[in-house]
Amino acid sequence: MSDESTLPAATVEAPAADAPPKPEQAAKPEKAAKAAKAFEGDLGSEDDWDNPLRDPGDRRLPLIAGPSGLVIFGVTGDLSRKKLMPAVYDLANRGLLPPGFSLVGFARRDWEDEDFAQIVHDSVRDHARTEFREEVWQQLAEGMRFIPGDFDDDAAFEQLRAAVEELDASRGTSGNYAFYLSVPPKFFPKVVQQLKKHGLANAPEGSWRRGVIEKPFGHNLKSARELNRVLHDVFDPEQVFRIDHYLGKETVQNILALRFANQMYEPVWNRSYVDHVQITMAEDIGIGGRAGYYDGIGSARDVIQNHLLQLMALTAMEEPIAFDAESLLTEKLKVLKSVKLPEDLGEHTVRGQYAAGWQGGEQVSGYLEEDGIDPQSSTDTYAAVKLEVDNRRWAGVPFYLRTGKRLGRRVTEIAVVFQRAPHSPFDSTATEELGANAIVIRVQPDEGMTVRFGSKVPGTSMEIRDVTMDFAYGESFTESSPEAYERLILDVLLGDANLFPRHQEVEESWKILDPIEEYWGTHGRPAQYASGSWGPEEADEMLARDGRSWRRP
Amino acid sequence: MKIDLTDTTASKINKALVKGRRAIGTPAVGMVLTMVIVTDEENAYDSIKAAEDASHEHPARTLVVIKRHARSPRDRTKSHLDAEVRVGADAGTGETVILRTYGEVSDHADSVVLPLLLPDAPVVVWWPVNAPEVPAKDPLGSLAQRRITDMYAVEQPLVALEARVRSYAPGDTDLAWTRLTPWRSMLAAALDQARTKIISAAVESEAENPSAELLARWLGARLDVKVDRVVTAGPVVTAVRLGTDKGEIVIDRPEGPLATLTLPGQPSRTLALKVRPTSELIAEELRRLDADEMYAVALRGGGTKETPRHV
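Residues numbered from 1 in each chain as written. Chains lettered and ligands numbered in written order. Predicted model: local features only at pLDDT ≥ 70, side-chain atom pairs only at ≥ 80, totals over all residues. Heavy atoms only, no water.

- An unreviewed UniProt entry lists chain B under the name Glucose-6-phosphate dehydrogenase assembly protein OpcA, from Streptomyces lacrimifluminis.

- Going by the annotation in an unreviewed UniProt entry, the name recorded for chain A is Glucose-6-phosphate 1-dehydrogenase, with Streptomyces lacrimifluminis given as the source organism.
- As its UniProt record puts it under Function (unreviewed entry), chain A is described as follows: "Catalyzes the oxidation of glucose 6-phosphate to 6-phosphogluconolactone."
- What UniProt records for chain A under Catalytic activity (unreviewed entry) is the sentence "D-glucose 6-phosphate + NADP(+) = 6-phospho-D-glucono-1,5-lactone + NADPH + H(+)". (UniProt positions renumbered as here; feature names shortened; annotations may be inferred.)

In structure tokens, the structure reads:
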């Protein structure tokens, strides 16, 4: 992607007098060759063995994960049943898993391998994206093992090690294992230490062991650092994969394609043309049964720290020199490090809690009335913050980030709102209905992109109003694009870290959020907003102060 | 929505397309390519169905060209064009136009197709059954970036294969080759695991199977070994054996979708290797529209180990 244009991002404001460099077709196969090399390097070859059946020009052959297995801790959990196991099946069904791929479940249940296979079978049948095929299932089922036990239980981990060794011998997994910690974060240290103690985290010569964790990555900078210390004590920092499932979504990956593979957006993607950026992640549900996890954490820590700051980094970053993990990390880190908090946090941040109300035709209770929530709780279920990116490209352009539960509808989007035209030859009545131009990237649901601009209303008088041009994913490309987890699990097995936030990014994100949380901790209480609305009035006031308003997503 | 037009022209068909789109309320065009299917009445139904299924992944305007033969000699001299325009739910996620040509216009089908191509979008031509001798030189074929033939669907597959070898031009591809992708990717994965030099190879299949022939040629070219061909009762390709110093690598699919993979020094394990329906093959074809260099290598077989850049 990035090799199509060698213009440095800093030149975007220069007049386009010099012709853009011709895209170099030849560069692509080289890239693929590099990827194939990296992939083979993964298998830990001592010699330079090249597979004669692979060729960078042969682009029909999918990149199949090398011989490997996946060990899931907390395999009975919701995430595992609804997302992970169906994703593994979908990968197998698309022929992207290696023959002999093995799946090991670890949980505190008194199950045999067959019981486990049955649970996987049911969850695959209910939740998989692709059709259920007996032969694919059979291929998978042969490699399923279940280890019953507690995380304290040394015997269970010994059993796990024996299972892994047995699979290496019987299925040819070659010692390559990813350990997926689908467990509450308080168990992370315990589990990884057990892995270390029983020699499971040490990759035998020429193979790999990877740790996969889900958010939350700590609840502030200090705890995040502590978590990273614990993980890196056991796994190499490069071998820790932090899942942010938003980054596995097609539209999010498309932000990079949109910005860096095209010529027409990048020239206006800066402070000379952009007025402000709004990044929204709204949910229509409440906290459901997650009271224990949610109370004391709140929406800012739960969503802004990871998802929204990642989306913001991808929207604001400069062009990476290559599409690889290292270059992406460099650019994203630069953005996160140049984020400037507003001086008056009280004026430019808002937190709220949903109150009882009607949401989508259903009467729902307020946050403080939910089961298991302290009626005095000051946890935020809505958070909006104004951030600035202090660099040449974005100086003076505010980024408004908001998230909340029980809002109008479920939507995640990035809206880049442009300045108004500096001069209009039309009289003011003609442009009365004209708003600001905008490019909206819809992350979910209904993935796609909208461009909003003014157009003449048909008729004899000159009247201009807003119209939208729409690009829907479901329409122009695959009917159902692969689930984020499919992509991410495959990337873990391939060792491709492009779509995973690194520990430096996690720590930088906490540095942005910690001062805001501290301020909230000592000033006032969350504002109440009616369920089903678009957040508290204070949030509208916050934008009104800057002479702007929230988009209704 | 369906609009029937008799004795019509391309511009009337274009008007009908716009009218149909307006009527179903989606004036925007989100289609990514034009697919031209050249077929006879007998194979039209199945091909259209496959194209419509594939259109869920690649929304396309599908133009189906059917040459009709009038019964009476007098009608045969009369040239005319009938069209059936389908938009909305009747046409997958895109639009379908079925063109029936009678008489002289049959020899100038490209003049009907050209004005109906989507602006700026790639064109793919697919001959589900009888392809022209030189697809790239065919009037319709020359409009396309990608030309899809199917050697499996002809009377004498191996004769067709030789014709394809002689006439290959970048952009040509064949469904007999597409069908091999799962086999090839599993063989490559098996070799990733075995990491050893291959000293012999054999492909087992039913007689006269063009896919098996292509697979053997591809293996020969890539592995630099002589590939034995073994005839079995089928169905299609039943096994591939690769000999190494330490023993044989075998993928064996005697029947049904379940195959077994055997690697030297390891217990055998099962693999899902399904024979895919045409719609999936077409969807795979449409994923990449540049020249398939590896297909050229497979057509030529041994001798050329390097990927030819220009043919």
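1. Section: the overall build of chain B
Stage number 1. Helix and strand content of chain B: 10 helices and 14 strands.
Stage number 2. Viewed in the frame of its principal axes, chain B has a C-alpha envelope of about 70 × 40 × 35 Å.
Stage number 3. The 311 residues of chain B split such that 56% are buried.
Stage number 4. Across chain B, contacts joining residues at least 24 apart in sequence account for 69% of those joining residues at least 6 apart.
Stage number 5. For chain B, the accessible area works out to roughly 13,400 Å², and carbon and sulfur atoms hold 51% of it. (Helix = DSSP H or I, 4+ residues; strand = E, 2+ residues; numbered from the N terminus. Buried < 20%, exposed > 50% of the residue type's maximum accessible area, 1.4 Å probe, protein only. Contact = heavy atoms within 4.5 Å. Areas by Shrake-Rupley, 256 points an atom, 1.4 Å probe, with all protein chains shown as cover.)

2. Structural notes on the overall build of chain A
Stage number 1. Scanning chain A from N- to C-terminus turns up 16 helices and 18 strands.
Stage number 2. Here the analysis covers contacts within chain A between residues at least 6 apart in sequence; of these, 78% occur between residues at least 24 apart.
Stage number 3. Element-wise, carbon and sulfur atoms account for 50% of the exposed surface of chain A, whose accessible area totals about 23,700 Å².

3. A few points about the UniProt feature "active site" (unreviewed entry) in chain A
All names here are of chain A.
Stage number 1. UniProt's entry tags His307 with the feature "active site" (unreviewed entry), counted in the numbering of this structure.
Stage number 2. Summarising the element assignment, histidine 307 is placed in helix H10 (residues 298–316).
Stage number 3. Given a relative accessible area of 2%, histidine 307 falls into the buried group.
Stage number 4. Look past the residues within four positions of histidine 307 in its chain and what remains in contact with it is Lys215, Asp244, His245, Tyr246, Met281 and Asp302.

4. Topic: the sheet that holds strand S14 (residues 269–272) of chain B
All names here are of chain B.
Stage number 1. Ordered in space as S10-S9-S11-S12-S13-S14, the 6 strands form an open sheet in which the pairing is mixed. A strand with exactly one partner marks an edge of an open sheet, and here the two such strands are strand S10 (227–231) and S14. Each strand axis lies, on average, 20° off the axis of its neighbour in the sheet, ignoring direction.
Stage number 2. Two elements, strand S9 (residues 200–205) and strand S11 (residues 237–244), share 6 bridges in a ladder whose sense is antiparallel. Looking at S11, one finds that serine 205 is bridged to valine 237.
Stage number 3. Sheet strands touched by helix H8 (residues 210–223): S9, S10 and S11. Its angle to S11, the strand with the most contacts, is close to 15°. (Pairing = 2+ DSSP bridges. Axes fitted to C-alpha atoms, helices over the stretch in contact; angles between N-to-C directions.)

5. Digging into empty space enclosed by the protein
All names here are of chain A.
Stage number 1. Summed over all chains, the structure comprises 7 cavities of 30 Å³ or more.
Stage number 2. Estimated volume of the largest cavity: approximately 60 Å³.
Stage number 3. Looking at the largest cavity, the residues that line it are Leu247, Val252, Gln253, Leu256, Leu314, Leu328, Lys332, Asn498 and Leu499.
Stage number 4. Listed by contribution, the elements that provide at least two residues to the lining of the largest cavity are helix H8 (250–260) and helix H11 (325–337).
Stage number 5. For the lining of the largest cavity, the element with the most residues is H8, which contributes 3 residues.
Stage number 6. Residue composition of the lining of the largest cavity, grouped by class: 6 nonpolar, 2 polar and 1 charged. (1 Å grid on protein atoms, 1.4 Å probe; cavity = no way out; pocket = protein on both sides within 12 Å on 5 of 7 lines; lining within 4 Å. Points joined across faces, edges and corners; volume = space filled by probe spheres on them. Nonpolar A, V, L, I, M, F, W, Y, C, P; charged D, E, K, R; others polar.)

6. Quick look at the interface of chain B and chain A
Stage number 1. Between chain B and chain A, the contact holds 45 residues from the first and 39 residues from the second.
Stage number 2. Taken together, both faces of the contact between chain B and chain A bury some 3,700 Å²; the carbon and sulfur share is 53%.
Stage number 3. When the buried area of chain B at its contact with chain A is split by residue, Asp192(B), Arg195(B) and Arg269(B) rank highest and sum to 17% of it.
Stage number 4. Across the contact surface, chain B and chain A share 8 salt bridges.
Stage number 5. The closest approach of N and O atoms between Asp292(B) and Arg60(A), which form a salt bridge, is 2.7 Å.
Stage number 6. Here the side of chain B that touches chain A takes 10 residues from helix H7 (residues 181–194) of chain B, the largest share from any one element.
Stage number 7. Partitioning the side of chain B that touches chain A into residue classes produces 18 nonpolar, 11 polar and 16 charged. (Buried area = accessible area lost by both parts, 1.4 Å probe. Salt bridge = Lys/Arg side-chain N within 4 Å of Asp/Glu carboxyl O.)

7. Topic: the side chain of Ser55(B)
Stage number 1. Mapped onto the secondary structure, Ser55(B) falls in the loop between helix H2 (41–54) and strand S3 (60–68).
Stage number 2. Of note is the side chain of Ser55(B), whose polar atom sits 2.7 Å from the backbone oxygen of Glu52(B). (Polar contact = N/O pair within 3.5 Å; in protein donor to acceptor, adjacent residues only side chain to side chain.)

8. With respect to the domain arrangement of chain B
Residue and element names in this part refer to chain B.
Stage number 1. We note that the domain assignment places domain 1 (2–174) and domain 2 (181–272) within chain B.
Stage number 2. Here the C-alpha centroids of domain 1 and domain 2 sit 36 Å apart.
Stage number 3. The junction of domain 1 with domain 2 conceals about 680 Å² of combined surface from both sides, 69% of it contributed by carbon and sulfur atoms.
Stage number 4. Ranking the residues of domain 1 by area buried against domain 2 places Tyr152, Leu158 and Leu161 at the top, with a combined share of 63%.
Stage number 5. One can count 1 salt bridge joining domain 1 with domain 2.
Stage number 6. One salt bridge in this structure joins arginine 217 and glutamate 162, with 2.9 Å as the shortest N-O distance.
Stage number 7. Linking domain 1 with domain 2 are 2 residue pairs in polar contact (both at pLDDT 80 or more), by the criterion used here.
Stage number 8. Split into classes, the residues belonging to the side of domain 1 that touches domain 2 amount to 6 nonpolar, no polar and 1 charged. (Domains from an automatic or database assignment.)

9. Examining the sheet that holds strand S2 (residues 33–39) of chain B
Residue and element names in this part refer to chain B.
Stage number 1. Strand order in the open sheet formed by 8 strands is S1-S4-S5-S3-S2-S6-S7-S8, and the pairing between neighbours is mixed. Each having just a single partner strand, strand S1 (2–5) and strand S8 (172–174) make up the two edges of the open sheet. The mean inter-strand angle of the sheet, taken between neighbouring strand axes irrespective of direction, is 15°.
Stage number 2. Two elements, strand S7 (residues 146–149) and S8, share 3 bridges in a ladder whose sense is parallel. Its bridge partner lying in S8, arginine 147 is registered against aspartate 172.

10. Description of the packing of H10(A) against H11(A)
All names here are of chain A.
Stage number 1. Direction vectors running N to C along H10 and H11 enclose 105°, while the axes themselves pass 9 Å from each other. By the criterion of interaxial angle, the relationship of H10 to H11 is roughly perpendicular. Across from Leu309, Gln310, Ala313, Leu314 and Ala316 in H10, the residues of H11 making contact are Lys332, Val335 and Leu336.
Stage number 2. When grouped by side-chain class, the residues that make up the contact of H10 with H11 number 6 nonpolar, 1 polar and 1 charged. (Parallel < 35°, antiparallel > 145°, perpendicular 65-115°, else oblique.)

11. Observations regarding the UniProt feature "binding site: substrate" (unreviewed entry) in chain A
All names here are of chain A.
Stage number 1. Mapped onto the present numbering, the UniProt feature "binding site: substrate" (unreviewed entry) falls at His245, Lys249, Glu283, Asp302 and Lys405.
Stage number 2. In this structure, lysine 249 sits in the loop between strand S6 (240–243) and H8.
Stage number 3. Residue classification places lysine 249 among the buried residues on the basis of a relative accessible area of 15%.
Stage number 4. By secondary structure assignment, the location of lysine 405 is in the loop between strand S13 (398–404) and strand S14 (411–418).
Stage number 5. Not counting the four nearest positions on each side in its chain, lysine 405 is found in contact with Glu283, Ile285, Gly286, Ile287, Arg290, Tyr294, Tyr354, Thr381 and Tyr529.

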